[in-house]
Amino acid sequence: MTRKNAWVTSLATPVVIAVLLLLAGSSSVTAHDQPSAANAAVKIDNFVFGPQTITIPAGTTVTWTNSDDIPHTVVSTEGVFKSKVVDTDEKFSYTFTKAGTYPYYCSVHPKMTGKVVVQ
Ligand SMILES: [Cu+2]
């Protein structure tokens, strides 16, 4: 091996390792993200959860967004999930892993109700 080749090799090796690490890192991130890729959205507007009943496959993350100009909460009737106070334009997310029906309501305005059906 010539002096020049040795220099190129010593320079190239860390670069190759860095690229391999980068590729390995990005592929593992992709693999990790895939099971939770499903998302669904519920909008809170004018004291109404919309859609009021949302049907999703297990593993879906539901994100509630408060589009009202007053705060609301998203509270499971059966204690499965409970948001903090969700202010205007704030969000609350919950991932549903088990099949079932999950009724919920707003603890500030208990007449506001909704339902998540997980299949
Ligand atoms: Cu409310």
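Residues numbered from 1 in each chain as written. Predicted model: local features only at pLDDT ≥ 70, side-chain atom pairs only at ≥ 80, totals over all residues.

A. Representation of the nonpolar core. By size, the foremost hydrophobic cluster in this structure holds 12 residues: Val42, Ile44, Phe49, Val62, Trp64, Val74, Val86, Phe92, Phe96, Tyr104, Cys106 and Val116. For phenylalanine 92, the contacting residues outside a window of four places in its chain are Trp64, Val74, Ser83 and Val86. (Core = buried A, V, L, I, M, F, W, Y, C linked by C-beta atoms within 7 Å. Buried ≥ 20, exposed ≤ 12 C-beta atoms within 10 Å, placed from the backbone. Contact = placed C-beta atoms within 7 Å.)

B. Region of interest: the sheet that holds strand E6 (residues 91-96). Ordered by their spatial adjacency, four strands build an open sheet running E2-E1-E4-E6, and the pairing between neighbours is mixed. Every interior strand has two partners, whereas the edge strands, strand E2 (48-50) and E6, have only one. Ignoring strand direction, the axes of neighbouring strands in this sheet form an average angle of 20 degrees. (Pairing = 2+ DSSP bridges. Helix = DSSP H or I, 4+ residues; strand = E, 2+ residues; numbered from the N terminus. Axes fitted to C-alpha atoms, helices over the stretch in contact; angles between N-to-C directions.)

C. Expanded view of unusual backbone geometry. A cis amide bond links glycine 50 with the next residue in sequence, proline 51, at an omega value of -5 degrees. Here proline 51 shows up in the loop between E2 and strand E3 (53-56). At asparagine 46, a residue that is not glycine, the phi angle is positive and equals roughly 55 degrees. Here asparagine 46 shows up in the loop between strand E1 (39-45) and E2. Exposure remark for asparagine 46: the 9 C-beta atoms within 10 Å place this residue in the exposed category.

D. Spotlight on the pairing of E1. Sheet analysis places E1 next to strand E4 (residues 60-66), joined by six bridges and oriented parallel. When the sheet's bridge partners are listed, isoleucine 44 is paired in E4 with asparagine 66. In this sheet, E2 lies alongside E1 in antiparallel orientation, the contact comprising three bridges. In the strand pairing of E2, aspartate 45 is matched with valine 48. The hairpin turn running from E1 into E2, its antiparallel successor, is two residues long, and asparagine 46 in that turn takes a positive phi close to 55 degrees.

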